[in-house]
Amino acid sequence: VYCYRRTFAGRFALLCCAAITGVHRFSRFFPFGLFYFISLKGVFPMPLIQVKTNVPISREAEVQLKSALGKAITVIPTKTESGLMIQFEPQAHLWFGGSDAPALIAVVSVFRASSNEAYQAFTAEACRIFTQYLAVPGDRIYIKFDETLHWGRNGSNFSPD
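Everything quoted here is computed from the prediction, not taken from an experiment. (Residues numbered from 1 in each chain as written. Predicted model: local features only at pLDDT ≥ 70, side-chain atom pairs only at ≥ 80, totals over all residues. Heavy atoms only, no water.)

1. Considering the environment of Lys71
By the secondary structure assignment, Lys71 is in helix H3 (residues 59-72). Taking the C-alpha atoms as reference points, Lys71 and Glu125, 54 residues apart in sequence, are found 9.6 Å from one another. (Helix = DSSP H or I, 4+ residues; strand = E, 2+ residues; numbered from the N terminus.)

Structure (structure tokens):
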């Protein structure tokens, strides 16, 4: 494998193997972002953001949040607004630190894993968005990331292989 890394043809061959057998097995041979966009099934699918808060969300704010979160999700490699599903649960019975003051939890589910840097960038942007549109202070927001190896859509599953 070492000799293949030095030539374009060798890298292309390894890239094809990675696309067929699973990116994670060949990740040490290529830059981080190169594989995540190549797969026999296309771009890895479906982030889901579930937003639960104890404040009301108007229809106008919901549309603005949807658009802003759609842009923010792109900081996580391979995630796009076109595959994003968002669930809003306003006026939930939510307590944080013993208080029912405005608070929010967002659970971000993604297919496969990403980097800590990408998650950090998303957390920073999401907290800014929630503070801007819902007036929830950043210190009363939790962002949780769930990574999954199996995700289904349209009658079939995406899997790690």
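Don't stop here, the text continues.
2. Describing unusual backbone geometry
Positive phi is not limited to glycine here, since Arg112 has a value of about 70°. You can see Arg112 is positioned in the loop between strand E3 (104-111) and helix H4 (116-134). Residue class for Arg112 comes out buried when judged on its relative accessible area of 13%. Even without a glycine there, the phi angle at Ala135 is positive, about 60°. With respect to the helices and strands, Ala135 occurs in the loop between H4 and strand E4 (141-148). (Buried < 20%, exposed > 50% of the residue type's maximum accessible area, 1.4 Å probe, protein only.)

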